[in-house]
Each structure stands twice: as structure tokens, then as C-alpha cells.
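Summary of structural features
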Amino acid sequence: MPDLQEHSSGRFTTPFWHYCGGVFKETYSCNADTCDNTHTRYESFAFLPLAINSDTIRTLEDAIFFHLQGDVPPDYRCSKCTRVSCTRRHTEIIKWPLVLVVGLKRWQAEEDRLQKIDRHISLETVLPCLDGNGPYNLTAVITHTGTAGSGHYTSCVRGRDNHWYKYDDANQPRCLPAKDVLVESGYFFGYERQ
């Protein structure tokens, strides 16, 4: 993985990397008639930023599959034929982390300002993993109320006693049922392998 070797090897020995570090492989394939250029690169990640601007994305699993299914990067220029937007990108996660952090891209630019995507994305307390290893269990949800540019963040965390607790600057932590966590308008999610 030559792209990763460019980084300091010390980065990959930290406890943070051990738990939250993953690696994905991106393959770029040019679709132009006279070009068969393919380029592969490896990249480390500590969280998955997932777009939810398509109405077909209704669950967190939908967002992950959409992220991995492949797309055409809008400004990518083929290094061989130099054409723009004729290249297909396919993403594959080759090292899933022990702790998977997922962030939903709840902001989109509209008329020179950010607009919040406020619709609910369904999630489960157990998320299957594509590498065949044990599933991920939901352990944390960070939520945002308000609009782009202003608002308030809160978090829900599953404790060691397996109960969920809501943390809010304005109030004392309180216990809440798991069903209430699943209806929160989540922004970031933390999943741990079993």
C-alpha cells in the first residue's frame, strides 16, 4: 500500500489507530473509448463521511452501500487521456476498524449558504460488517438540533451497564430507552465490534 507508506509509520501504531483506523482502496477506471487507464490508491480513515442527499437513502446501511457502490468524481481528470468526468471510482474497505465512526453529511450548499438536511435516517443497534467478521453494536449517537450556523449538540451513549444515557450541557445525564435513541436525528454514530 504505497500511498499509506508516505505517512509516518508512527501514526499507525497509536491506540487510536488500533481501534478507529481503517483502510479503503479506491480504483479509478477511465471510461473513454480509446483509454483503458486504471489507477488504484489506498487511504486510511478514522471515520466514514456519508452523503445522504439522495431520497433513496433512508437507512444508515443505504448510506454505506451508496458510498461503496462507485461513482463518477465530478472534477477528476484521467492521467492518461486527460478527459474530465469520464472516470468511474469504486471504493472498497479493505481494513474495517474495531470501532466504526460514521458521520452523515447533513449540510449541503444552496444559493451560497449551507442548508441542513434534517430528514430522519433509520439505524439499527446492530450493523452487519461486509468483511464477514462480527457485527458492530451501536454505542454512541451525536445529534444536532437547530440550523446550519447555529444549534446545539447532544449525545446518547450506551454505558457498561447496557443502558443508554443522554448527555446535554443544559441537563444532568439521564437514562433513556434504546427506542428513543433510534429516533434521534443522528449526525455521528459510533459502532463497536462484538
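In the block above lies the structure referred to throughout.
Residue positions are given per chain, counting from 1 as you read along its sequence in written order. Where totals are concerned, whole chains, interfaces and linings use all residues; where local detail is concerned, this predicted model gives features only for residues with pLDDT of at least 70, and gives and counts side-chain atom pairs only at 80 or more. No hydrogens and no water enter the side-chain calculation; it runs on all heavy atoms of the structure.

In terms of nonpolar packing, the biggest core is built from 29 residues, with Leu50, Leu60, Leu100, Leu138, Phe189 and Tyr191 touching the most fellow members. Taken together, the elements giving at least two residues each to this core come down to strand E3 (48-51), helix H3 (60-68), strand E5 (99-105), strand E9 (136-147) and strand E13 (186-193). Put simply, DSSP marks the helices as runs of H or I at least four residues long and the strands as runs of E at least two long, and each gets a number from the N terminus on. The element best represented in this core is H3, accounting for four residues. When checking whether two residues touch, look at their non-hydrogen atoms; a contact exists if any pair is within 4.5 Å. Contact partners of Leu100, with chain neighbours within four places excluded, come to Phe45, Leu48, Leu127, Tyr136, Phe189, Gly190 and Tyr191. Residues belong to one nonpolar core when they are buried, are Ala, Val, Leu, Ile, Met, Phe, Trp, Tyr or Cys, and are joined through side-chain atoms within 4.5 Å. In this scheme, a residue with accessible area under 20% of its type's maximum is buried, one over 50% is exposed, and one in between is partly exposed, where area comes from a 1.4 Å probe on protein chains only. Of all hydrophobic cores here, the second largest spans five residues; its members include Cys30, Cys35, Cys78 and Cys86.

Before going further, it helps to examine the sheet that holds strand E4 (residues 87-95). Pairing is antiparallel across the open sheet formed by three strands, whose spatial order is E2-E1-E4. On the outer flanks of this sheet lie strand E2 (38-45) and E4, each paired with one strand and no other. Averaged over all neighbouring strand pairs, the angle between strand axes comes to 20 degrees, with direction disregarded. The sheet contact formed by strand E1 (residues 22-30) and E4 spans eight bridges and is antiparallel. Residue pairing for E4: Lys25 is matched across the bridge by Glu92. By this definition, two strands are paired if DSSP reports at least two bridges between them. As a rule, the C-alpha atoms of each element are fitted with a line to give its axis, helices using only the stretch in contact, and angles between N-to-C directions run from 0 to 180 degrees.

Should a side-chain nitrogen of Lys or Arg be within 4 Å of a carboxyl oxygen of Asp or Glu, the pair is scored as a salt bridge. Counted under the stated rule, the structure contains six salt bridges. In this structure, Glu43 engages Arg41 in a salt bridge whose closest nitrogen and oxygen atoms are separated by 2.8 Å. Residue classification places Arg41 among the partly exposed residues on the basis of a relative accessible area of 25%. Between Lys116 and Asp118 there is a salt bridge, with its nearest N and O atoms 3.6 Å apart. Looking at Lys116, the relative accessible area reads 14%, which means it is buried. The class for Asp118 is partly exposed, based on a relative accessible area of 48%. Several salt bridges share partner residues, and in doing so they unite Glu26, Arg41 and Glu43 into one network.

Moving on, we get to the environment of Cys129. If you trace the backbone, Cys129 turns up in the loop between strand E8 (126-127) and E9. Along the sequence, Cys129 and Gly103 sit 26 residues apart, while their C-alpha atoms lie 17 Å from each other. Cys129 has contacts with Trp96, Gly134, Pro135, Tyr136 and Arg193, leaving out every residue within four places of it along the chain.

Before going further, it helps to spend a moment on the environment of Pro135. Inspection of the secondary structure puts Pro135 in the loop between E8 and E9. Judged by its relative accessible area of 26%, Pro135 falls in the partly exposed class. A C-alpha to C-alpha distance of 22 Å links Pro135 and Asp180, two positions 45 residues apart in sequence. Contact partners of Pro135, with chain neighbours within four places excluded, come to Val126, Leu127, Pro128, Cys129, Glu192, Arg193 and Gln194.

These figures come from the coordinates and say nothing about function on their own.
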